[in-house]
Amino acid sequence: MKRTLALEIILKSLKGKGTKISLGLCLLLLLNSCVGTKYLKDDEKLLYKQSIKTSRQIDKAGLHDIYVQRANRRFLGLPINTLTWMYYLGLKRFNKDHSTIIHSKQDFIRKKEKREKKFDAKIAAATSDRKKANLQFRKQQKLDDINFKIENGNLPMQWGEKVSVYDSALVRETVEKINAYAFNRGYFHATTKATVNEKKKRVSIQYVLAEGQPFSYDTIIYRIPDSSMLFIMRSAEDLSKIKKGDRYDQKALSDERDRIDFLMKDHGYYDFSKQYIDFQVDTTYGHHHSIALQISISDPVNRSTHRTFRIDSIRFRTDAGIPDRGKLRLTALYKDIRFDYLVDQYSKRILRQRVFLKRDSLYSRDKTFATQRQLANLDIFKFVNINYDTTGGKFIANIFASPLDRYSWTNEAGVTVNQGFPGPYYSLSFKKRNIFQGLEIFELNGRYGFEGVAGATDLGGIYKSTEATINMSVTFPQFLLPLGKKAEDLGKFNPKTKLLVGYTYTDRPEYQRSNVTFSNTYTWENKRTTLYSFTLTNLQVIQSTLDPAFDQLLTDLQNNQGNNLKNSFKPSLVSSMIFSMTWNPSNYGNQERSSYFLRIQAESGGTLFNFFTPTYAVKRDLEIYKYVRLGVDFRRNRVINKNTSVAFRFNSGVAYAYGDNKSLPYEKYFFVGGSNSVRAWRPRRLGLGSAPPPLSTNPASSGLFDYRYERPGEIMLEGSVEWRKKLFGFVNGALFIDAGNVWTFQQVTPNTSEPTTAPWASEGNAKFFFDSFYREIAIGTGFGLRLDFSFLVLRVDVGIKVWDPSRPVGDRFVLGNFRFTGPYDSKREPVIYNIGIGYPF
């Protein structure tokens, strides 16, 4: 179908009385161009879909990645191959002599010739060999990029897919790969049958895998002539990847080979390698479907045993890569390390704590890597390299560390999105390393930015929120605690102490708020998977200036509903201790394999104020807060295949104020709603419980029937499920369901004196009750796009309300009420557009 003909049909269909019928016909004609069979030759057939049927006993995770031939991806499972249409749209223009918007092959060839001439002229005019080499390098980079496009086509061709033409030979190859997949997992007698169904020009294939009974290990035998190695193997049997009764798995054997290799290298066998390890599998031994496994470690050539290596000495050069320029290098012995440097500028005591190699100790691969990692964690050295010198019959450990610049400046400009609308920011950072000669890091950071927020007293527009921050901190690579000799053993945990002084100013339509902060935080980690943080002291002096309308609103809430939110905006002194744990064992967020993440944070506010009243607060009439707060955030990303994943999140929190004012600092409340929360509600506007919101009285407001002010709660529950799929190029799609709400510990009575058009304004409950909270969980759904530029993910989500607990019972299901455009009222809910940076969780 020609483009001009399609356009003519569309224009004609929009006229006359049969508009709906014409639009439907027009849509069918347009979708016809996206059907893959259109691009087939007469003797070709389309590989429409394929599937693998198997029992539950075999892991299916990798099965769908072994198809030799892949079917074209379809739009929402419909017989519409949009990526195929995109490819041939690009191909059509690629084969032309010239194309305006989508480049042709000739366009790229002409561009290549033009670039070559331009660079050749610059190279000929260059006055130095260094400049010529630089230009030659840049020329090659540009030409490689153009050559790639000549070979792979223009952008639609790169993003799109060629039509998948059915090939029976590739079906046989897929059958062989499925059988090999099953064999490598212990199903030695597995067979696969391919059933091919043809309908018109479409072919569907179902592969039926009959696994049979798996083979399992009945006996595991060691054949290790070296008695020392045999003892090590016996001592570490509990860590083996292969145990008696396990099903045969080729990957487990590979993992076990690596484990044995690392095990021996951690016990002094420096020159040991995996070539000495051998596995012998015997399926004729013992019972039916049983395996006898023999693990062998052979001796080296010309020796009856493997040699162990002990460290004779340790040398540490702290300024590797820096030229001497005629200066005399200095050396100093600290404990068992000989330091080598031009200038004595680093604390040897701290460096020794990060080196886990000892003189006269056996070589250890694990301790070598741990030393390299912990020295790098200091943020003092550009790189750290460790090698061993075996010449002269000695075994010497050499540590080479190249220092980073002592002074560094960084600045950044960008767009930030927290829970509002995007806004620009600019940040500037200064860093001085080794400020007190003890490997400390001094940092001075400043940041200024603003973003759009919905007003607390009126949602009729978007207002600017400005925030300016300046922080000064010193980070020490140790715990500033009187630990004595015990501190020497803590280097493996990457201990740090951070002292911070900061000032934050926030200017919103409802209030201006300044916050002076002092904090003392200890951090450490365990096995690179768990990070701990303990803030022993966090002191904040907060001053607020309220807009008269917002001040009146808080007063009304306190007088009419018993809501003590107003106390959160009084001049105050906030003291707290905070402990947090972050568990990230599988590198959460990677797109190659499934991962999960857990963060737990506990906070006690005003703890010391239980024993004394601070004079500073009394003299200045500052409010003090006493509270406890706990938050739990769990996330999981399950990778289905390289194009599809499903992400889950559960987030919860509880905060209880036990001081005389029965209030929390405003920043310590929980909020739900927004681009990283329940996306069908505006930022921080969901809740409380089933209590209905006061509604905006501005009839011109697009948010006429949305919350007027933020809804801070003391109890929070929220969860999300998001299906993510790669669409084409850097464009990914998502479908999601969010649920959540916030509640209070005390009942908030409705403000019946407040004017509202909501018929259910006198109903609802804000207090958390175990027997009814589940009925007050709001539910939203929606869809979105993610533009993944590798260095940045730009996200746009459309949130749609499904279940609104603030409505009366029987009227809470509101999915059918959503509208993309106004006018809005209690029966016509607006969809919520969310813009974010990065994934929501």
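Placed above this text is the structure.
Residues numbered from 1 in each chain as written. Predicted model: local features only at pLDDT ≥ 70, side-chain atom pairs only at ≥ 80, totals over all residues. Heavy atoms only, no water.

Engineer: What should I look at first to understand the overall build of the protein chain in this one?
Structural biologist: Summing up its helical and strand segments, the protein chain has 13 helices and 30 strands in all. Among the 841 residues that make up the protein chain, the fraction classed as buried is 45%. For the protein chain, the share of sequence-separated contacts (at least 6 apart) that also reach a separation of at least 24 residues comes to 63%. For the protein chain, the accessible area works out to roughly 44100 Å², and carbon and sulfur atoms hold 55% of it. (Helix = DSSP H or I, 4+ residues; strand = E, 2+ residues; numbered from the N terminus. Buried < 20%, exposed > 50% of the residue type's maximum accessible area, 1.4 Å probe, protein only. Contact = heavy atoms within 4.5 Å. Areas by Shrake-Rupley, 256 points an atom, 1.4 Å probe, with all protein chains shown as cover.)

Engineer: Would you take a moment to explain the nonpolar core for this structure?
Structural biologist: Across soluble globular proteins, nonpolar side chains have a tendency to be buried as a group. F569 and Y666 are the most contacted members of the largest nonpolar core, which totals 30 residues. Broken down by element, this core gets its largest block of residues, 4 residues, from helix α12 (residues 548-561). Contacts of F569, omitting those with residues within four sequence positions, involve Y511, R513, S544, L546, F550, L554 and Y666. Grouped together as the second largest cluster of nonpolar side chains are 27 residues, Y346, Y363, F395 and I441 included. (Core = buried A, V, L, I, M, F, W, Y, C linked by side-chain atoms within 4.5 Å.)

Engineer: What exactly am I supposed to notice about the side chain of D319 here?
Structural biologist: Topologically, D319 is positioned in the loop between β7 (313-317) and β8 (330-334). Here L342 takes part through its backbone nitrogen, which lies 2.8 Å from a polar atom of the side chain of D319. With sequence-adjacent residues up to four places away left out, D319 is seen in contact with R329, D340, Y341, L342, V343, A401 and P403. (Polar contact = N/O pair within 3.5 Å; in protein donor to acceptor, adjacent residues only side chain to side chain.)

Engineer: Which parts of the structure should I look at to understand the packing of aromatic side chains?
Structural biologist: Aromatic ring pairs are described here by two measures, namely the spacing of the ring centres and the angle between the planes. Within the structure shown, the criterion is met by 46 aromatic pairs. Here the aromatic rings of Y346 and F381 are separated by 5.6 Å at their centres, their planes lie at 70 degrees, and the arrangement is edge-to-face. With Y346 in the loop between β9 (337-341) and α10 (348-353) and F381 in strand β10 (residues 381-389), this residue pair connects regions lying 35 residues apart in the sequence. For the pair formed by Y346 and F381, the shared burial category is buried. For the pair F773 and Y774, a centre-to-centre distance of 6.2 Å together with 85 degrees between the ring planes defines the contact as edge-to-face. Here a set of aromatic residues connected by ring pairs shows up, and it is made of Y511, F550, F569, Y666, Y669 and F671. The side chain of R202 reaches across the aromatic face of Y48, ending 4.9 Å from its centre. The positively charged end of R365 is found above the aromatic ring belonging to F262, 3.7 Å away from the centroid. (Phe/Tyr/Trp six-rings, centres within 6.5 Å; stacked < 30°, edge-to-face > 60°. Lys NZ or Arg CZ within 6 Å of the ring centre and 35° of its normal.)

Engineer: What am I meant to see in the environment of K243 here?
Structural biologist: Mapped onto the elements, K243 comes out in the loop between α8 (227-235) and α9 (250-265). Counting along the chain gives 25 residues from K243 to D218, while the straight-line C-alpha distance between them is 9.1 Å. Not counting residues up to four positions away in its chain, the partners in contact with K243 are Y217, I220, E237 and D238. Side-chain polar atoms of K243 contact the backbone oxygen of S240, separated by 2.7 Å.

Engineer: How should I be thinking about the pattern of salt bridges in this particular structure?
Structural biologist: When the charged atoms of two side chains lie near each other, side chains of opposite charge can form a pair. For the coordinates displayed, the defined rule picks out 38 salt bridges. In this structure, R679 and D797 form a salt bridge, with 3.1 Å as the shortest nitrogen-oxygen distance. Of this pair, R679 sits in the loop between β23 (644-657) and β24 (715-728) while D797 sits in strand β27 (residues 793-803), placing them 118 residues apart in sequence. Each member of the pair, R679 together with D797, is buried. Counted as one network, the salt bridges with shared partners bring together R679, E722, R724, D738, R786, R795 and D797. (Salt bridge = Lys/Arg side-chain N within 4 Å of Asp/Glu carboxyl O.)

Engineer: In this structure, what is going on with the sheet that holds β10? I would like to understand it.
Structural biologist: For sheets, the rule is that strands pair by backbone hydrogen bonds, running either parallel or antiparallel. The strand order β8-β9-β7-β11-β10 describes an open sheet built from 5 strands, whose pairing is mixed. The open sheet terminates on both sides in strands that have one partner only, identified here as β8 and β10. Averaged over all pairs of adjacent strands, the angle between strand axes in this sheet comes to 20 degrees, irrespective of strand direction. Both β7 and strand β11 (residues 396-403) contribute to a ladder of 5 bridges, which runs parallel. When the sheet's bridge partners are listed, F316 is paired in β11 with I399. (Pairing = 2+ DSSP bridges. Axes fitted to C-alpha atoms, helices over the stretch in contact; angles between N-to-C directions.)

Engineer: Even after reading the chapter, I still don't get the environment of F262, so can you show me in this structure?
Structural biologist: Considering the arrangement of structural elements, one finds F262 in helix α9. With 103 residues separating them along the chain, F262 and R365 place their C-alpha atoms 7.1 Å apart.

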